[in-house]
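What the coordinates show
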Amino acid sequence: MTLLLESRAFKQGGDIPRKFTCEGEDLSPTLFWSEPPAGTKSLVLIADDPDAPAGTWVHWVLYDVEPHLRELPEGIAKVEVVEGIGRQGVNDFRKVGYGGPCPPPGKPHRYFFKLYALDGKLALRSRASKQDVEKAMQGHILAQAEFIGRYKR
């Protein structure tokens, strides 16, 4: 089954508007997705930048997302537990929640938003890292989707 992930803020492969970056309001963008496969018990969203100078930079880790949801609103609060949505991990800015694009000046960076449908919830504490989440997801992914935006300073 194919899972599709999109945003109302920018198109696939398009430029991420400034308000969703460190140069703007640093808000998380609205994301929405198609119906996940039967048996989905939770969703995970990971956003990262593989073009960062020191290696892949993690911008957002959101897990144990309620399986009935089909959209994340703009500007998710930067708290460990988002009521009615799920838990947020720590990004590479060492903060909980979304940290927008903030590349060094130069060529555009790609930002990958990856959504995973899982066959269970993750038995992780709040503030989990991307590595913790990826390890816990192994063997439990039913479907996944990817959405890419670009940003340049």
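This section reports on the structure supplied with the text. (Residues numbered from 1 in each chain as written. Predicted model: local features only at pLDDT ≥ 70, side-chain atom pairs only at ≥ 80, totals over all residues. Heavy atoms only, no water.)

Take the pattern of salt bridges next. A full pass over the atoms with the stated rule returns eleven salt bridges. Put simply, K78 and D26 hold a salt bridge, and the shortest N to O gap is 3.2 Å. Taken as a pair, K78 in the loop between strand 5 (71-72) and strand 6 (81-82) and D26 in the loop between strand 1 (5-7) and strand 2 (31-33) lie far apart in primary sequence, 52 residues in all. Assessed through its relative accessible area of 42%, K78 is described here as partly exposed. The partner of K114 in a salt bridge is D48, with the nearest N and O atoms 2.9 Å apart. Residue K114 is found in strand 8 (residues 109-118), and its partner D48 is found in strand 3 (residues 42-49); the two are separated by 66 residues along the sequence. Grouping residues by exposure puts K114 and D48 together as buried. (Salt bridge = Lys/Arg side-chain N within 4 Å of Asp/Glu carboxyl O. Helix = DSSP H or I, 4+ residues; strand = E, 2+ residues; numbered from the N terminus. Buried < 20%, exposed > 50% of the residue type's maximum accessible area, 1.4 Å probe, protein only.)

With that settled, the discussion passes to the state of the cysteines. Tallied over the entire structure, the rule returns one disulfide. Two residues, C22 and C102, share a disulfide whose sulfurs are 2.1 Å apart. Given an S-S torsion of about 80 degrees, the disulfide between C22 and C102 has right-handed geometry. Taken together, the residues span a long stretch of sequence, with C22 in the loop between strand 1 and strand 2 and C102 in the loop between strand 7 (86-88) and strand 8 at a distance of 80 residues. Residue class for C22 comes out partly exposed when judged on its relative accessible area of 31%. The exposure class of C102 is partly exposed, given its relative accessible area of 31%. (Disulfide = S-S within 2.5 Å.)

So, about unusual backbone geometry. Despite not being glycine, R94 has its phi angle at roughly 65 degrees, a positive value. Within the fold, R94 resides in the loop between strand 7 and strand 8. A residue is classified by how much of its surface remains accessible, and R94, at 73% relative accessible area, is exposed. A positive phi is found at R127, a non-glycine position, where the angle reads about 70 degrees. R127 sits in the partly exposed class, given a relative accessible area of 38%.

Residue placement: K152 occurs in the segment after strand 9 (141-151). Given the relative accessible area of 52%, K152 is considered exposed. With 83 residues separating them in the primary sequence, K152 and L69 have C-alpha atoms 31 Å apart.

Before going further, it helps to spend a moment on the side chain of D64. Note on placement: D64 falls in strand 4 (residues 57-65). A polar contact is formed between the side chain of D64 and the backbone nitrogen of L122, at a distance of 2.8 Å. The contacts of D64, once residues within four sequence positions are left out, are S42, L43, I85, G86, R87, K121 and L122. (Polar contact = N/O pair within 3.5 Å; in protein donor to acceptor, adjacent residues only side chain to side chain. Contact = heavy atoms within 4.5 Å.)

Another point: the side chain of T30. Looking at the secondary structure, you find T30 in the loop between strand 1 and strand 2. Of the polar contacts made by the side chain of T30, one reaches the backbone nitrogen of E74; its length is 3.2 Å.

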